[in-house]
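Summary of structural features
As a plain string of letters, each chain reads:
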Amino acid sequence: MQRIGVFVCWCGTNIAATVDIDTVVEAMKREPGVVHSSDYQYMCSEAGQSRIRNAIKEHNLTGIVVCACSPRMHETTFRKAAKAAGLNEFMVEIANIREHCAWIHKDRTEATEKAVVLARTAVAKLNLNKPLTPGTSDVVKRALVIGGGIAGIQSALDIAEAGYQVDIVEKEPTIGGKMAQLDKTFPTLDCAACILTPKMVEAAQHDNINLITYSEVDSVSGFVGNFTVKIRKKARSVKADICSGCGICTEKCPSKKAKSEFNMGLNNRSAIYIPFAQAIPNVPVIDRDQCIKFKTGKCGLCAKVCPADAIDFSQQDEIIEQKYGAVVLATGFKPIKLDNFDEYSYAASQDVITSLELERIMNAAGPTGGKLLRPSDKKHPHTMVFVQCVGSRDTTGCGKTYCSKICCMYTAKHAMLIREKYPDIDVHVFYIDVRTPGKNFDEFYRRAAEDYGVNYIKGMVGKVAPTNGKLMVQGSDLIADRQVIIEADMVVLATAIEPDQTAKSLATMLTASIDTNNFFTEAHPKLRPVESPTAGVFLSGVCQGPKDIPETVAQASAAAVKVVGLLSKDKLVSNPCVAGSNELLCNGCSNCQHVCPYGAIDYVEKEFRINGKIKIRRVAQVNEAVCQGCGACTVVCPSGAMDLKGFTNQQIMAEVDAICR
């Protein structure tokens, strides 16, 4: 019989204000196996842990139940305390009576009753617990960064500087991401290319960094410290190792009808192209959907004019398989589509543009050479209207419910740059609220309104109507309590941002968590903000949530530190809560092998003596070094042969019985 100690935490007033602590303590004294039950105001404090250690020794406890907050917060804390007192760390159970009781119930009686049930459930499970011993696994001293924007570049550079090999996988032909498309950055108005390009060059020239561009992750298997990743390197139709990047092929290409993705479709590019002048690697790629050679079998002019003989029309996609100890997700973002916002006439008028399109128009390397011209007739505008929160903070179901965080600041930046370079342009900004939550951000916005004469109008735009070559903008001025109509030459929409479309598929491959908006979920919003709940997977940049460049770089470096901490270890302690097969019950159906996401289950043929006869049967075997204890196999096993150490079927049924008592 177990000798169990129960320790109930007040958590200050977080638990004690709603749950009757004394009732829980007294109820636990009557549970089978419980020989000690007590409470303390802060059980996770050093004094609280000392009480646990002393009780273990004094009462010769074989297991403890801590009724406190979520095990995500302090399970490791209490396990270490138990281990320090000589108790097996896996003989510790946590009853979450804060999040599951105190924080969700208003009625004290109801919350207390539920707390008693949860504590009783933990005791029932602990009575069937057995001491477990963790194993160890090797760590591959190599990191994978998925995404080559500023977040991925910064993470890779920091990891590489620590002496570890890093691969950057980028789906576009060049690294740089969305920041490469920007003209200036707030709040300092620095040139984006001047900041980013040196980082790109440094990443390309670093001995420990390997760039794998124009590529995507095909599959991921394995576990923390030992991931096996297959990367599909798409065919450029250009031999990157001998191409000099001279650009002759792009100049001579006769097919120039494709829209430039880098310039947001505002101008055309050739079928063989380099996205932008500072692209890294400076190697062109052939768009096979636009190339005459691939469509008709004719042309091939680029191959004829290439002085290095680098064009290779027969090139095929290549699968690269590599092992990594850690993975950094830096997949970035994209602006939302405006299909659901017809009231702004984005599809009806070329002069209604997004903020990212304005960035390209104002950029010296953009489609107009940096001159602010109307896309429709290439004329100079005199009145411009900016519309904030297009798709952000949306309650209609057409957009996103969250704030995109960067829109207020980049709109102020655009307005200031326009007013400074073109004083004859009147700039109006419709806004719901101006949000400036960063260092010197509020002063930046005030400069736009007070020093540059930008007209900020608190209200929403109801409609943008193209009329006789103009854009009639109808909106509300809530401060003046009136409707306003502005005859504009151009309208700029500050669109919401959302995670890149690759986030969802990567989350499935890596068994990483995403929220309802497809942003990657961190392990803990306060204590583990750059870690995924999946061990060995880290988050960098906007893939985790909307943020500006300084915050992105800070998070990228933080993720890199976590990776370096992981790769610096030669061995990792593995989870002992792994699956096991009862070979006498196994019927060899292979269901468990098919659902195992880690490839930890194999089948072997073994001899069994059945009714005095030797029979050969096919049975499942679990590689405990690979198994991560997800429990998928135990669910699909029809014969009940598969079980999970620490969470056996018997233990779970004991919990159910305890709840139903």
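Turning next to helix H18 (residues 649-660). If you check H18, its first and last C-alpha atoms are 17 Å apart, about what 12 residues at 1.5 Å a residue would give, namely 16 Å. Burial in H18 covers these residues: Gln651, Ala654 and Ala658. Projected down its long axis, H18 shows its buried positions confined to an angular sector of 55°, all on one face. Elements that come into contact with the buried residues of H18 comprise helix H5 (108-126).

Put simply, Phe186 and Pro187 share a cis peptide bond, and its omega is 0°. The residue Pro187 is located in the loop between strand E8 (184-185) and strand E9 (190-191) in this model. A cis geometry characterises the amide bond from Ile280 onward to Pro281, with omega recorded as 0°. Note that Pro281 resides in the loop between strand E15 (272-273) and strand E16 (285-286). Notably, Cys389 is not glycine yet its phi reads approximately 55°, a positive angle.

Attention now goes to the domain arrangement of the protein. Partitioning the protein into domains gives domain 1 (4-126), domain 2 (142-234 + 317-332 + 500-567), domain 3 (248-305), domain 4 (334-498) and domain 5 (579-645). Each partner contributes residues to the interface: domain 2 has 19 residues there, and domain 4 has 24 residues. Both faces considered, domain 2 and domain 4 share a buried interface measuring about 1900 Å² in area, 66% of it formed by carbon and sulfur atoms. A salt bridge links Lys405 to Glu551, with the shortest nitrogen-to-oxygen separation between them at 2.9 Å. Run the count over domain 2 and domain 4 and you get 5 residue pairs in polar contact (both at pLDDT 80 or more).

With that settled, the discussion passes to the side chain of Arg236. Inspection of the secondary structure puts Arg236 in the loop between strand E12 (226-233) and helix H8 (248-252). Look past the residues within four positions of Arg236 in its chain and what remains in contact with it is Pro173, Thr213, Tyr214, Pro281, Val283, Pro284, Val285, Ile286 and Gln315.

Here we come to the sheet that holds strand E6 (residues 142-146). Spatial strand order, E10-E7-E6-E18-E29: 5 strands in an open sheet with parallel pairing. With partners counted over all chains shown, the strands left at the sheet margins are strand E10 (209-213) and strand E29 (537-539), one partner each. Across the sheet, the axes of successive neighbouring strands diverge by a mean angle of 20°, strand direction being ignored. Sheet analysis places strand E7 (residues 165-170) next to E10, joined by 5 bridges and oriented parallel. Within the sheet, the bridge partner assigned to Glu170 lies in E10 and is Thr213. Against the sheet, helix H15 (residues 549-567) contacts E6, strand E18 (326-329) and E29, and its axis sits at roughly 160° relative to E29.

Further remarks concern the packing of aromatic side chains. In the structure shown here, the tally under the stated rule is 7 aromatic pairs. With a centroid separation of 4.5 Å and an interplanar angle of 15°, the aromatic rings of Phe262 and Phe276 are classed as stacked. Taken as a pair, Phe262 in the loop between strand E13 (258-259) and strand E14 (268-269) and Phe276 in the loop between E15 and E16 lie far apart in primary sequence, 14 residues in all. Its relative accessible area of 12% is what places Phe262 among the buried residues. Given a relative accessible area of 10%, Phe276 falls into the buried group. The structure contains a cluster of three or more aromatic residues connected by ring pairs, namely Tyr431, Tyr445 and Tyr456. In this structure, Arg617 is placed above the aromatic ring of Phe608, and the distance from its NZ or CZ to the ring centre is 5.0 Å. Cation over ring: Arg618 sits above Tyr603, and NZ or CZ is 4.2 Å from the ring centre.

Enumeration according to the criterion identifies 33 salt bridges in this entry. Between Asp500 and Lys171 there is a salt bridge, with its nearest N and O atoms 2.9 Å apart. Separated by 329 residues along the polypeptide, Asp500 in the loop between strand E28 (497-499) and helix H14 (502-510) and Lys171 in the loop between E7 and E8 bring together distant segments of the chain. Overlapping salt bridges, with partners in common, bring together Asp351, Arg374, Asp377, Lys470 and Asp489 in one network.

Spatially, the 3 strands line up as an open sheet ordered E24-E25-E26, and their pairing is antiparallel. The open sheet has two edge strands with one neighbour each: strand E24 (461-467) and strand E26 (482-488). Ignoring strand direction, the axes of neighbouring strands in this sheet form an average angle of 20°. One ladder, built from 7 bridges, connects strand E25 (residues 470-477) with E26; its direction is antiparallel.

Rules behind the numbers
- Residues numbered from 1 in each chain as written.
- Predicted model: local features only at pLDDT ≥ 70, side-chain atom pairs only at ≥ 80, totals over all residues.
- Heavy atoms only, no water.
- Helix = DSSP H or I, 4+ residues; strand = E, 2+ residues; numbered from the N terminus.
- Expected span 1.5 Å × (residues − 1).
- Buried < 20%, exposed > 50% of the residue type's maximum accessible area, 1.4 Å probe, protein only.
- Arc of directions from axis to C-beta.
- Contact = heavy atoms within 4.5 Å.
- Domains from an automatic or database assignment.
- Buried area = accessible area lost by both parts, 1.4 Å probe.
- Salt bridge = Lys/Arg side-chain N within 4 Å of Asp/Glu carboxyl O.
- Polar contact = N/O pair within 3.5 Å; in protein donor to acceptor, adjacent residues only side chain to side chain.
- Pairing = 2+ DSSP bridges.
- Axes fitted to C-alpha atoms, helices over the stretch in contact; angles between N-to-C directions.
- Phe/Tyr/Trp six-rings, centres within 6.5 Å; stacked < 30°, edge-to-face > 60°.
- Lys NZ or Arg CZ within 6 Å of the ring centre and 35° of its normal.

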